[in-house]
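Now for the letters of each chain:
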Amino acid sequence: MPHWFSKAGLVSFVIFSLACFVMASEASAQGRKIYISVDMEGISGVVGDDQTSAGGAEYNRSRKLMAEDANAAIRGAFEGGATEVVVNDSHGSQRNLLPEDLDPRARLISHSFKRHGMVEGLDDTFDAVIFVGYHAKADSPRGLFAHTGSGVVKDVVVNGRSAGEGGLNTLMAHWFGVPVVMITGDDVAVEQQKEWTPAIRGVVVKRAINMRAVESRPLAEARRDIQSTAKEAVAAARKPARERLASYKVRMQLRNFTIPEVATAFREIQIVAPDTVEFTRESMPEAYRIVRVLYRFINPD
Ligand SMILES: [Zn+2]
C-alpha cells in the first residue's frame, strides 16, 4: 500500500470520526428528558392562603396561574432541546394542575399518595430537573408561605445541614445523577436554593416582604423570564456523576409530640427530644420516604 494512500485513509477516518462525534453530541443535546416539579406557593400571582388550598375562594384562579408558570417552563424546555417533559404536581393534594390546562406535549403526574412526593417519578433517565413555584423553608424569618413539607415540620436536618423542600429534592436529584438547573419562586426561595446548587438559574417572580405580604412582578414579564431561562438552562444542562453519600442521617423536629411518639413504630427511629426524631438510612430515597411519611401520613388529629 503506497504511503500517500494510508495518509488519505487516515485523514478520511479522522473526518468520519469527527462527523460521528458532532452528530452524537447534537443528538444528545436535542434528545433531552426534563423533569419539572411544580409547587404552588411560589407561583406568579399567588399571594394569599385563600389561593393555595382546594377549599379556598381563590383556588381555581391559582391552579390556572400554576399551569401558566408550568407552561412557560415547558415551552422553554422544548426550545432548549427537550424532547420529553414530565411534570409532577407537587403541591398539597397534588391534584391542582388540570391536564387540559397544560401544554399538550407534557406528561403529568398527579395525586399526593406518592412515596417520593415532589420528586415522584424522577430517576436517572432524566437530563435535568426544574423547580417551579417553590417557597422558603420552615421558620425562615422572611419568605412567602415558608414551610417544609407541611405545617407540622419545624426543621429537617440531613447530615448536619438544614434542608427545605428544595434541599431535600436536590439531594434526591443528585442521588440519581440529575442536575437541578433552574428554580422559580420568591426571592427567598431562590436564595435558599443557591446554597445547594450555586450555579442554578433562578427566576424571582415576586419579592417577599415578610411571610404574607409580597410584591409581584407583572405576570407576562415573569412568564417570559421563566420561558427564556428554562431554554438556557436546558440547553446548558450537563449530567454530573451520581452523588451517593455513605449514609443519610436525618434529624426531624416537629411542632407536636404526637408524631415522634407514633414514629417509634418504625425500625431504628429514635426520639432524641420530645419533638425530635432521628434516623439513618443508606440511601436518600429511603430517607426521603420516611420524612414524607412523618410529615404527611401521620395525622395526630
Ligand atoms: Zn411546598
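Here the structure is shown first, and the text comes after it.
Residues numbered from 1 in each chain as written. Predicted model: local features only at pLDDT ≥ 70, side-chain atom pairs only at ≥ 80, totals over all residues. Heavy atoms only, no water.

S.K.: I would appreciate a short explanation of the sheet that holds strand E2 (residues 82-89) in the present structure.
M.R.: The pairing of strands in a sheet comes from backbone hydrogen bonds and takes either a parallel or an antiparallel form. Strand order in this open sheet of seven strands is E3-E2-E1-E4-E7-E8-E9, and the pairing throughout is mixed. Where the open sheet ends on each side, the last strands, each with one partner, are strand E3 (107-109) and strand E9 (214-216). Geometrically, the sheet is characterised by an average inter-axis angle of 25° between neighbouring strands, direction not taken into account. Judged from the five bridges that link them, strand E7 (residues 180-186) and strand E8 (residues 201-208) form a sheet pairing that is parallel. Note that in E8 the partner of Asp-186 across the bridge is Lys-206. Here helix H3 (residues 165-175) sits on the sheet in contact with strand E4 (128-134) and E7, set at roughly 170° to E4. Sheet strands touched by helix H4 (residues 187-194): E4, E7 and E8. Its angle to E7, the strand with the most contacts, is close to 150°. (Pairing = 2+ DSSP bridges. Helix = DSSP H or I, 4+ residues; strand = E, 2+ residues; numbered from the N terminus. Axes fitted to C-alpha atoms, helices over the stretch in contact; angles between N-to-C directions. Contact = heavy atoms within 4.5 Å.)

S.K.: What am I meant to see in the coordination of the zinc ion here?
M.R.: Ideal geometry at a metal gives 109.5 degrees between four tetrahedral donors and either 90 or 180 degrees between six octahedral ones. Protein-derived coordination of the zinc ion comes from Asp-39 (OD), His-135 (NE2) and Glu-165 (OE), at a distance range of 2.0 to 2.3 Å. The sequence pattern formed by the donor residues of the zinc ion is D-x95-H-x29-E. Of the two residues, Asp-39 sits in the loop between strand E1 (32-38) and helix H2 (59-79) while Glu-165 sits in helix H3, which places them 126 residues apart along the sequence. Under the relative-accessibility criterion, Asp-39 is labelled buried at 2%. Look at Glu-165 and you get buried, because its relative accessible area is 7%. (Donors = N, O, S within 2.8 Å, 3.2 Å for Na, K, Ca; no water. Buried < 20%, exposed > 50% of the residue type's maximum accessible area, 1.4 Å probe, protein only.)

S.K.: Explanation requested: H4 in the structure shown.
M.R.: Counting along an α-helix, one turn takes 3.6 residues, and residues three or four places apart therefore face a common direction. Of all eight residues making up H4, six are buried, and the element is well covered by its neighbours. Turning to H4, its buried residues are Asp-187, Val-188, Ala-189, Val-190, Gln-192 and Gln-193. As for H4, its buried residues are in contact with E4, H3, E7 and E8. Where H4 starts, the residue carrying a side-chain oxygen 3.1 Å from the main-chain nitrogen of Val-188 turns out to be Asp-186. (Polar contact = N/O pair within 3.5 Å; in protein donor to acceptor, adjacent residues only side chain to side chain.)

S.K.: Is there a simple way to think about the packing of aromatic side chains in this case?
M.R.: Counted according to the given criterion, the structure contains four aromatic pairs. Their ring planes at 85° and their centres at 5.3 Å tell us that Tyr-35 and Phe-126 sit as a pair that is edge-to-face. Here Tyr-35, found in strand E1, pairs with Phe-126, found in the loop between E3 and E4; they are 91 residues apart in sequence, far enough to count as distant. The burial state of Tyr-35 is the same as that of Phe-126; both residues are buried. (Phe/Tyr/Trp six-rings, centres within 6.5 Å; stacked < 30°, edge-to-face > 60°.)

S.K.: Would you mind going over the pattern of salt bridges with me for this structure?
M.R.: In this structure the tally under the stated criterion is 15 salt bridges. For Asp-139, the salt bridge is made with Lys-154, and the minimal N-O distance between the two is 2.7 Å. On the criterion of sequence distance, the pair formed by Asp-139 in the loop between E4 and strand E5 (153-158) and Lys-154 in strand E5 is long-range, its members being 15 residues apart. Residue Asp-139 is classed as partly exposed on the basis of its relative accessible area of 43%. Bridged by salt links that share partners, the residues Asp-139, Lys-154 and Arg-255 form one connected network. (Salt bridge = Lys/Arg side-chain N within 4 Å of Asp/Glu carboxyl O.)

S.K.: Help me understand the nonpolar core in this model?
M.R.: The nonpolar side chains of a soluble globular protein tend to be buried with one another. Core analysis: the largest hydrophobic core is formed by 42 residues, its most contacted members being Met-252 and Leu-294. Broken down by secondary-structure element, the contributors of at least two residues to this core are E4, E5, H3, E7, strand E10 (248-254), helix H6 (258-263), strand E12 (276-281) and helix H7 (284-297). Ranked by residue count, the leading element in this core is H7, at seven residues. The residues touching Leu-294, leaving out its near neighbours within four places in the chain, are Met-252, Ile-259, Ala-263, Val-277 and Phe-279. Residues Ala-72, Val-87, Leu-144 and Ile-226 belong to the second largest nonpolar core, which totals 37 residues. (Core = buried A, V, L, I, M, F, W, Y, C linked by side-chain atoms within 4.5 Å.)

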